[in-house]
Amino acid sequence: MRHRLWSWRIAVTAALLALLPLASASAASWTRLPAYQTWTLVTALERGQGVSTDGTYYYFSGTYSLDKATVNGINDVATNAAAIPSQLSSQYGSNHIGDTDYYGGYVVAPIEDGSAYQHPLLALFNASDLSYTGRYVQLPLNLMPGGVPWVAIDAAAGLVYTAPWNQSTADGSDHLVVYSLNALLTLPTGAALPVLRTVQLSPPLSRIQGAKMWHGRLWASADIDGDKSVWTIDPTTGATAWQFAQDVQPNDEVEGLVALDIGPSGGQLHILNVGSGWKSIFLYFQHYALN
């Protein structure tokens, strides 16, 4: 969830409302699978921002927290309920974790200081127990106005990607920002992460809540009014393309996503969304499969 406080309703209703199914959906070449997870209260708060994976575990992020669970059965393994280091909150006003990614034993977390948005950071956490490694880097404010809602790692190319929250061709904010993965992993704590290049996006794609590399493209969950959807981004050319509408209510807030092929029954894209109206106490984890 970004720029919004969750309204948690009466806990007694949670068990009943969770039994109400979402409508089934299929769009383009993707279908939402009938099985999905529903969480509320503390679990929803700990998992409500984003999700990454190493293939065995999911690493969920909440506004302030990180949570580790098995892919098979989604059983809790570890939780860091106050993951934002006090050093960062006191020095930068850091108060929000976005959609993370995983690489080489680390959970890489984008951390921002809403609503000032003057200090976009990437921090490294140990995937084993979600403890903070003591290492973070600073991102360029001029290229990342409005915070850093997500990070994506291209392990094959050795690259890291972020993008501005609001994008416009008129003001030049319509870009993907590309960094070196090696630099992220080796620079001293607090260093500025050098930009390798920017890639202009066409058309611009605002309100990306999470993105992951899969088969050479970034797959992005976009919380666009009237179009809660999944897009692809070509990281070389910057071409963006609408892929399918997410199976959510119009006022739901779609969150982060992860790509993991767990077969026809488990799907390939796994996406979080927060309900709207009387369903706003729920966090949904939906699974989409290629037809």
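Our structure's up above, just so we're on the same page.
What comes next concerns the included structure. As the structure is a computational prediction, the values presented were derived from the model and not from experiment.

**Observations concerning the packing of aromatic side chains**
Next up, step 1: Scanning all chains against the criterion turns up 15 aromatic pairs.
Next up, step 2: With a centroid separation of 5.7 Å and 75° between ring planes, the pair formed by tyrosine 92 and tyrosine 136 is classed as edge-to-face. Pair noted here: tyrosine 92 is in helix 3 (residues 86-92) and tyrosine 136 is in strand 12 (residues 132-138), with a separation of 44 residues, a long-range link.
Next up, step 3: Residue tyrosine 92 is classed as buried on the basis of its relative accessible area of 10%.
Next up, step 4: Through successive ring pairs, a cluster of aromatic residues spans Trp30, Trp214, Trp219, Phe244 and Tyr288.
Next up, step 5: Here the guanidinium or amino end of arginine 47 rests over the ring plane of tryptophan 39, the centre of that ring lying 4.5 Å away.
Next up, step 6: A cation over a ring is seen here: lysine 68 above tyrosine 57, with NZ or CZ 4.3 Å from the ring centre.

**So, the sheet that holds strand 17 (residues 208-214)**
Next up, step 1: Pairing is antiparallel in the open sheet, where 4 strands are placed in the order 17-18-19-20. Pairing within the sheet leaves two strands with one partner each, and these edge strands are strand 17 and strand 20 (240-245). Recorded for the sheet is a direction-independent mean angle of 25° between the axes of neighbouring strands.
Next up, step 2: Summarising the sheet, strand 18 (residues 217-224) and strand 19 (residues 227-233) pair through 7 bridges and their orientation is antiparallel. Note on strand 19: the bridge partner recorded for tryptophan 219 is threonine 232.

The rules behind each value
Residues numbered from 1 in each chain as written. Predicted model: local features only at pLDDT ≥ 70, side-chain atom pairs only at ≥ 80, totals over all residues. Heavy atoms only, no water. Phe/Tyr/Trp six-rings, centres within 6.5 Å; stacked < 30°, edge-to-face > 60°. Helix = DSSP H or I, 4+ residues; strand = E, 2+ residues; numbered from the N terminus. Buried < 20%, exposed > 50% of the residue type's maximum accessible area, 1.4 Å probe, protein only. Lys NZ or Arg CZ within 6 Å of the ring centre and 35° of its normal. Pairing = 2+ DSSP bridges. Axes fitted to C-alpha atoms, helices over the stretch in contact; angles between N-to-C directions.

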